[in-house]
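Per-entry structural report
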Amino acid sequence: MTVQRHRGLTEQAATAAVDSACRMLRLPTIRTQFPELADAAAREQMSYLGFLAELLMAECDDRARRRSERRIKAAAFPRDKSLRAFDFDANPNIDPAVIHTLATCEWVKKSQPLCLIGDSGTGKSHLLIALGTEAAMKGFRVRYVLATKLVNELVEAADDKQLTKTIARYGRVDLLCIDELGYMELDRRGAELLFQVLTEREEKNSVAIASNDSFGGWTKTFTDPRLCAAIVDRLTFGGNIIETGTDSYRLAQTRARAEQHVAG
């Protein structure tokens, strides 16, 4: 096949042709960055091959960024939290090396669970969201949900004869982040429905939970001892357990700000 070549185009015509071709081929990053990259290539006397590589890498990088943004949005995190913003100095119970190892997301790849256990204000939700964000950025499908919201959704789905569909939807994501597990007592039906979700995901996809109560105290949330033991087993077998401690760093920060205000 002979490729038709267009010789003798003016700079203006060539620029218009690039713009038109990028629209047709759906290359928005090249279309917007082409003038700047072309000027840089001329200044640096870049080869044609080098210039082409710069254009294509810019498009690929931007597409990867947009995919990450879509996955993060689809995860439905309630707020932005990053590991970079986590104050390890204020949380001496948490080993930075362990958290940064978890940030590689090998545990998600291996379908292992993660439990973040500690009192309110010790950084559980921050770490849950931050690690979930890292997973989304690395290409995994992630979903964040409050434990009570998940159970209510499952109960409504069961009433509407949509339970199988709902459990399958939660079963498909690579990482399910369940926050605030243990804050409220669940009746037997709600606990059993949550157990079905965990069973659907067992050894197939990862679950990460944040709880303000130790496993021994989960009988207040899951009042059936046998069901409680089965849920703990699902969430701990072959997984990672991070204890964030009992001292609220949020409370400590609030007190420090108040003392600074008084001193000022």
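For the structure itself, look to the data block above.
Presented here is a report on the structure given in the accompanying data block. Everything numeric here is computed off the predicted structure, so don't read it as measured data. (Residues numbered from 1 in each chain as written. Predicted model: local features only at pLDDT ≥ 70, side-chain atom pairs only at ≥ 80, totals over all residues. Heavy atoms only, no water.)

1. What to know about helix α10 (residues 225–236)
Taking 1.5 Å per residue, twelve residues should reach 16 Å; α10 reaches 16 Å between its end C-alpha atoms and fits that length. For α10, the set of buried residues is Leu-227, Cys-228, Ile-231, Val-232 and Leu-235. Angularly, the buried residues of α10 cover 135° about the axis, an arc narrow enough to put them on a single face. Exposed side of α10, more than 90 degrees from the buried face: Pro-225 and Arg-226 are the residues found there. For α10, the elements touching its buried residues are β1 (114–118), β3 (175–181), α9 (188–201) and β4 (206–211). Structurally, the start of α10 carries an N-cap: the backbone nitrogen of Arg-226 is 2.9 Å from a side-chain oxygen of Asp-224. (Helix = DSSP H or I, 4+ residues; strand = E, 2+ residues; numbered from the N terminus. Expected span 1.5 Å × (residues − 1). Buried < 20%, exposed > 50% of the residue type's maximum accessible area, 1.4 Å probe, protein only. Arc of directions from axis to C-beta. Contact = heavy atoms within 4.5 Å. Polar contact = N/O pair within 3.5 Å; in protein donor to acceptor, adjacent residues only side chain to side chain.)

2. Notes on the packing of aromatic side chains
Taken as a whole, this structure holds five aromatic pairs when the rule is applied. On the numbers, 5.9 Å between centres and 55° between planes, the contact of Trp-218 with Phe-222 is tilted. As far as burial versus exposure is concerned, Trp-218 and Phe-222 are alike and both buried. Here a set of aromatic residues connected by ring pairs shows up, and it is made of Phe-215, Trp-218 and Phe-222. (Phe/Tyr/Trp six-rings, centres within 6.5 Å; stacked < 30°, edge-to-face > 60°.)

3. Describing the pairing of β4
For β4, the buried fraction is high: six of the six residues fall into the buried class. Of the two faces of β4, the one lined by Ser-206, Ala-208 and Ala-210 and the one lined by Val-207, Ile-209 and Ser-211 are each fully buried. Two elements, β1 and β4, share four bridges in a ladder whose sense is parallel. Bridged to Ile-117 within β4 is Ser-211. (Pairing = 2+ DSSP bridges.)

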